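# Inside the fold
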Amino acid sequence: MTTHRLTALITCIVATLLLSASPAFAADPPMYRKVALKSAPAHLIIPAGAPKAANKLNLLVHFKGGADALAKSFLDAKLDGVLLVIHWNGLSKIYSKPFIDNPNLLEEILDEARNAARKEGVLTADGDWDKLRTSCFSAGWASIRELLKDKKWFDRIDTILAADSIYAGFVNDDATKRQVSPDNMKDFRRFAELAAEGKKTFIVTHSQEKTPSYASTRECAEDLIQHLKLKREEADEMRKDGTHITSRAGKGSFQVIGCAGVGESGHMLHLTRISQWWALLAAGAPSR
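As the structure is a prediction and not an experimental result, all values here were calculated from the model.

## Focus on the overall build of the chain
What the chain contains, in helices and strands, is ten helices and ten strands. Of all 288 residues assigned to the chain, the portion counted as buried reaches 48%. A fraction of 68% describes how many contacts in the chain between residues 6 or more apart in sequence connect residues 24 or more apart.

This is how it looks when you write it as structure tokens:
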């Protein structure tokens, strides 16, 4: 072996040893832990900065979306507690049916998630959930609608964030008159009433997408606004992430935020940029 090749080999070995030993090149610690549940297609997301051995811990249950992407949004939102993501592939019936077939399903999911949180050390052996916040995107609204029919869950749920996510049928199934079905909206209306009084938190965002055969997210949001006898205020707010807010309405801890955007791209923005809406939940109402 020539002197040049020997020197190069020694240099390579020394560099490798230095890199492996240097803390500057150590792998970054994970930002969150993800625990798969068996009672539903769900994942418990535990941020690295979550409390240790807490007696009470806030839980945000989100319906529809990928666990890893939503975990990053949860971290960006800097919301306290932990996140539970429940995701079925499909439309609204896929999200309502499990809770119709098994009225105890959410209790089973929360029990399993609680046991996982205890095992992971973020809850004490007898620790429990504190505030129960819920969130939904797209078809995920159907799960929350079913839960609100049960007084136990209606009373227990502290918060709802509907990210371009509440749809409904029409009175007499007549799409020509476009009168949103009061029966479909009655529990959302009751929740909105309590939020307007500051007893709950209810934040609704919507796109401008039109849905010919059923009430759109904008129409359902308008139904809640009219039910509370509020007035929608036009806006022209461009956020740093590109979200274009075009209208607002609200009272107390109830808020409706209208956004520009149509089609699949306009719809998906409410999921990919959900961290900005989650960040508002702790305060109970969006900052203006």
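Here the narrative resumes, following the displayed structure.
## Some remarks on the nonpolar core
By size, the foremost hydrophobic cluster in this structure holds 63 residues, and its most contacted members are Leu44, Leu84, Trp129 and Phe202. No other element matches helix H4 (residues 105-119), which puts seven residues into this core. For Phe202, the contacting residues outside a window of four places in its chain are Ile160, Ile166, Phe188, Phe191, Ala192, Ala195, Leu224, Ser253, Phe254 and Gln255. Among the nonpolar cores identified, the runner-up in size contains 24 residues, and Tyr32, Ile45, Val85 and Leu280 belong to it.

## What about the layout of surface pockets?
The space that makes up the largest pocket amounts to roughly 590 Å³. Mapped by element, the contributors of at least two residues to the lining of the largest pocket are helix H3 (92-101), helix H5 (141-148) and helix H9 (263-272). The biggest single contributor to the lining of the largest pocket is H9, with five residues. Tallied by class, the residues present in the lining of the largest pocket amount to nine nonpolar, eleven polar and seven charged.

Calculation criteria
Residues numbered from 1 in each chain as written. Predicted model: local features only at pLDDT ≥ 70, side-chain atom pairs only at ≥ 80, totals over all residues. Heavy atoms only, no water. Helix = DSSP H or I, 4+ residues; strand = E, 2+ residues; numbered from the N terminus. Buried < 20%, exposed > 50% of the residue type's maximum accessible area, 1.4 Å probe, protein only. Contact = heavy atoms within 4.5 Å. Core = buried A, V, L, I, M, F, W, Y, C linked by side-chain atoms within 4.5 Å. 1 Å grid on protein atoms, 1.4 Å probe; cavity = no way out; pocket = protein on both sides within 12 Å on 5 of 7 lines; lining within 4 Å. Points joined across faces, edges and corners; volume = space filled by probe spheres on them. Nonpolar A, V, L, I, M, F, W, Y, C, P; charged D, E, K, R; others polar.

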